[in-house]
Amino acid sequence: MDERSSYTLVFREAYSGLGPIVWLLLFGMICASVLEGIGLTMLMPLLTKIGMDNKEQVEQNFVIENINSFLAFMNISNEVGPLMTLVVSILLLQVFVTYIVKKLEVDCMTSYTAYWRNRLFNAVINTDWAFLMNSSSEVEANQIFNESSRVSATFNSFLQMVNSIFFIFVYSVIALITAWQVVIALLVFGICIFFLTKQI
């Protein structure tokens, strides 16, 4: 079984045990990542307004120019006060969404662990295997607890991996927009280093 099919299996098992709430959790992760990216992007015109007096240099910046056009379209004043209010509001919203996502994640992990414990317990109860029938109840209970915890840890690792992918994607987009030359240079340099050190 390759890695892709393993991830698919983990997601299918989670969906069968938790239902559509898994999609809600993933959507919340996406929202938290996007809001953080928007908040960091909106910091650029604010920092520019506070710390730069050269208007010509500001107007030549592609990102700042597009952000200013968006602010004008939304009828938001391009002054320090409104910009700071907007940035703080976006970051507070991101914190709130992150809190909801983490709370939902904890609830999902608890429910998923309970789901697997019940599933394994029912499998042990209905089994006719001699070695299980002859083993003590304490041993069986310990095995059920350990295996359900392992499955729950696998699901947790899957969620953390997906969440990291969302954040990496958002930060990569921001990096490409703001300094694509540097990103490409680092990417080429990293690929070269990888192939040069692959055989070591």
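In this text the structure is predicted, and so the values were computed from the model without any measurement.

## Quick word on the overall build of the chain
Consideration 1: In terms of regular secondary structure, the chain is built from seven helices and zero strands.
Consideration 2: Looking at the chain as a whole, 26% of its 200 residues qualify as buried.
Consideration 3: Across the chain, the fraction of contacts at a sequence separation of at least 24, relative to all contacts at a separation of at least 6, is 76%.
Consideration 4: Element-wise, carbon and sulfur atoms account for 68% of the exposed surface of the chain, whose accessible area totals about 13600 Å².

## Observations regarding the pattern of salt bridges
Consideration 1: This model, assessed by the stated rule, comprises two salt bridges.
Consideration 2: With a shortest N-O distance of 3.6 Å, lysine 103 and aspartate 107 are connected by a salt bridge. Remark: aspartate 107 and lysine 103 occur in helix α5 (residues 80-125); sequence separation between them is four residues, near one turn of the helix.
Consideration 3: Its relative accessible area of 45% is what places lysine 103 among the partly exposed residues.
Consideration 4: On the basis of relative accessible area, aspartate 107 is assigned to the partly exposed category, the value being 37%.

## Things to note about the side chain of threonine 113
Consideration 1: Here threonine 113 is to be found in helix α5.
Consideration 2: The contact partners of threonine 113, leaving out residues within four places of it in the chain, are Ser148 and Ser152.

## So, the confidence of the model for the chain
As a note on interpretation, predicted positions should not be read in detail where pLDDT is low.
Consideration 1: Averaged over every residue, the pLDDT of the chain is 77; residues scoring 70 or more account for 81%.
Consideration 2: When the elements of the chain are averaged for pLDDT, helix α3 (residues 55-59) gives the smallest value, 50, and α5 the largest, 84.

## So, a nonpolar patch on the surface
Consideration 1: Side chains of Ile50, Val80, Met84, Val88 and Leu92 sit close together on the surface and give an oily, nonpolar patch of about 430 Å² of accessible area.
Consideration 2: Tallying contributions element by element places α5 first for the nonpolar patch, with four residues.
Consideration 3: Here isoleucine 50 is to be found in helix α2 (residues 21-51).

Cut-offs applied
- Residues numbered from 1 in each chain as written.
- Predicted model: local features only at pLDDT ≥ 70, side-chain atom pairs only at ≥ 80, totals over all residues.
- Heavy atoms only, no water.
- Helix = DSSP H or I, 4+ residues; strand = E, 2+ residues; numbered from the N terminus.
- Buried < 20%, exposed > 50% of the residue type's maximum accessible area, 1.4 Å probe, protein only.
- Contact = heavy atoms within 4.5 Å.
- Areas by Shrake-Rupley, 256 points an atom, 1.4 Å probe, with all protein chains shown as cover.
- Salt bridge = Lys/Arg side-chain N within 4 Å of Asp/Glu carboxyl O.
- pLDDT = per-residue confidence, 0-100.
- Patch = residues over 30% accessible without salt bridge, like charges linked within 9 Å, V, L, I, M, F, W, Y side chains within 5 Å.

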